[in-house]
Amino acid sequence: MAKVYKKTSGNGSLCLYLGRRDFVDHVEHVDPIDGVLKIDPSALNGKKVWIQLACAFHYGREDLDVIGVSFRKDIWIKRIQMHPFEGTKPPNTPMQDALLKKVGDQGHPFTFDIPVHLPCSVSLQPAPEDAGKPCGVDYEVKAYIANEEDETDEKAVKKDTCRLIIRKIQYAPSELAAGPKTDLNKQFITADKPIHVEASMEKELYYHGDPIPIKVKVNNETSKVVKKIKISIHQITDVLLYSADKYHKCVLNEEFADQINANSTFEKEYRVTPLLANNKEKRGLSLDGKLKDEDTNLASSTILLPNMDKQIQGLVVSYKIRVTLIMGGGLLGSLTLSDITAELPLILMSPKPAEVTDIDLERLYSQ
């Protein structure tokens, strides 16, 4: 069922309506932000009304801003003067028509088009003791009353402002490519023949929360014994906007007591599932943008157009799977030079939900 998101200014003169808060980046285009702003002109006292959409990158805790230094960088801002209206109005979307029937004569539709090169909503998981808004990229729709457009930072009285956080998200594409495969040969100095490892997956993309099957084949032509097999999944986050940081976080690490004897072959499919629930204490882990009081998950892989400027993305997230043959001889939990590791790329995303239908929009009229 469709839901109406509503936020009213303190003085009651502005009321912001959205039919959704998730807007999909289809890589080649982004869903327009289509909403309605209700304006009571009797409370404006000759001032004007604007609405803006801002994409910002937060890279520090707000409570640390004690010397007037902002830990926020605006990536992109677009403003529309709503009263008195200036410009040309695009045709109403079905969502706006539904909202206007609910709002009445004081409703004014607005539409923002997000450029495809802007980043998706991503946040870095804070430590339990951290307070305030987490680091990451977010989008905010804000309506405000002011004398001039650039007075948004005039410490506008909160009663003259209303705002809603929205998300720009990517869903898994409908067409999936074949899964990756990697082959690795390792020759030991003390052995005449090598050990051959093949790791593969049926497809390149998996949904959050779904088991990921990984096929492992080993042809051990050496006299050495593989003690066990370890599978780990790593999240790599490139922080590109304010520095060149790169965060590596292991989101899954499982060991399997499968021994592979000398001069033998081995084949098995392992199923692993990386979950945020098992990584709650890891500060700096990238998560999909979170709305208030809603759960989220590990950040989805970032999908970029060819030749797209990465610098403006803020955070770029990717994953890789490591399959390691533990040959033994090292300290507990550590790798040795004789261990063999094969890597596979992984794309982790959410499935596309069902589209909002005309029946869903009809329900908006009665809410």
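Note that this is a predicted model, so its numbers are computed, not measured.

*Asks:* Which residues make up the overall build of the protein, and what are the values?
*Replies:* Of the regular secondary structure elements, the protein holds two helices and 20 strands. Looking at the protein as a whole, 46% of its 367 residues are labelled buried. In the protein, 69% of the contacts between residues at least 6 apart in sequence involve partners at least 24 apart.

*Asks:* Lay out the confidence of the model for the protein with the relevant residues and their values.
*Replies:* Overall, the prediction assigns the protein a mean pLDDT of 85, with 83% of residues at 70 or greater. Low pLDDT (under 50) marks residues 330-334, which in the prediction has two contacts with non-local residues, meaning those over four places away or in another chain.

*Asks:* I'd like to hear about the sheet that holds strand β7 (residues 107-112), residue by residue, with values.
*Replies:* Taken together, the four strands give an open sheet; going across it, the order is β1-β2-β4-β7, and neighbouring strands pair in antiparallel fashion. Here the strands that pair on one side only, and so sit at the sheet edges, are β1 (5-8) and β7. Adjacent strand axes in the sheet meet at a mean angle of 20° when their direction is disregarded. Two strands pair when backbone bridges link them, and β1 and strand β2 (residues 14-18) are joined in this way by four bridges, in the antiparallel orientation. Within β2, the position partnered with Lys7 by the bridge is Leu16. Those strands touched by helix α1 (residues 94-103) are β2, β4 (33-39) and β7, and its axis lies near 20° from that of β4.

*Asks:* Let's hear about the environment of Ser13: which residues, and what values?
*Replies:* Assignment of secondary structure puts Ser13 in the loop between β1 and β2. Each C-alpha atom of the pair Ser13 and Leu44 lies 7.6 Å from the other, and the pair is 31 residues apart in sequence. Beyond its immediate chain neighbours, meaning those up to four positions away, Ser13 contacts Lys38, Ile39, Asp40, Ala43 and Ile145.

*Asks:* Go over the pattern of salt bridges, please, and point to the residues and values.
*Replies:* Applying the stated criterion across every chain yields a total of twelve salt bridges. With a closest N to O distance of 3.9 Å, Asp34 and Arg20 form a salt bridge. With Asp34 in strand β4 and Arg20 in the loop between β2 and β3 (22-24), this pair connects stretches of sequence that are 14 residues apart. Judged by its relative accessible area of 5%, Asp34 falls in the buried class. Under the relative-accessibility criterion, Arg20 is labelled partly exposed at 24%. Asp22 serves as the salt-bridge partner of Arg167, at 2.7 Å between the closest nitrogen and oxygen. Here Asp22 lies in strand β3 and Arg167 lies in strand β10 (residues 161-169), a separation of 145 residues in the sequence. One salt-bridge network, held together by shared partners, links Arg20, Asp31 and Asp34.

Here is what the cut-offs are and how they apply
Residues numbered from 1 in each chain as written. Predicted model: local features only at pLDDT ≥ 70, side-chain atom pairs only at ≥ 80, totals over all residues. Heavy atoms only, no water. Helix = DSSP H or I, 4+ residues; strand = E, 2+ residues; numbered from the N terminus. Buried < 20%, exposed > 50% of the residue type's maximum accessible area, 1.4 Å probe, protein only. Contact = heavy atoms within 4.5 Å. pLDDT = per-residue confidence, 0-100. Pairing = 2+ DSSP bridges. Axes fitted to C-alpha atoms, helices over the stretch in contact; angles between N-to-C directions. Salt bridge = Lys/Arg side-chain N within 4 Å of Asp/Glu carboxyl O.

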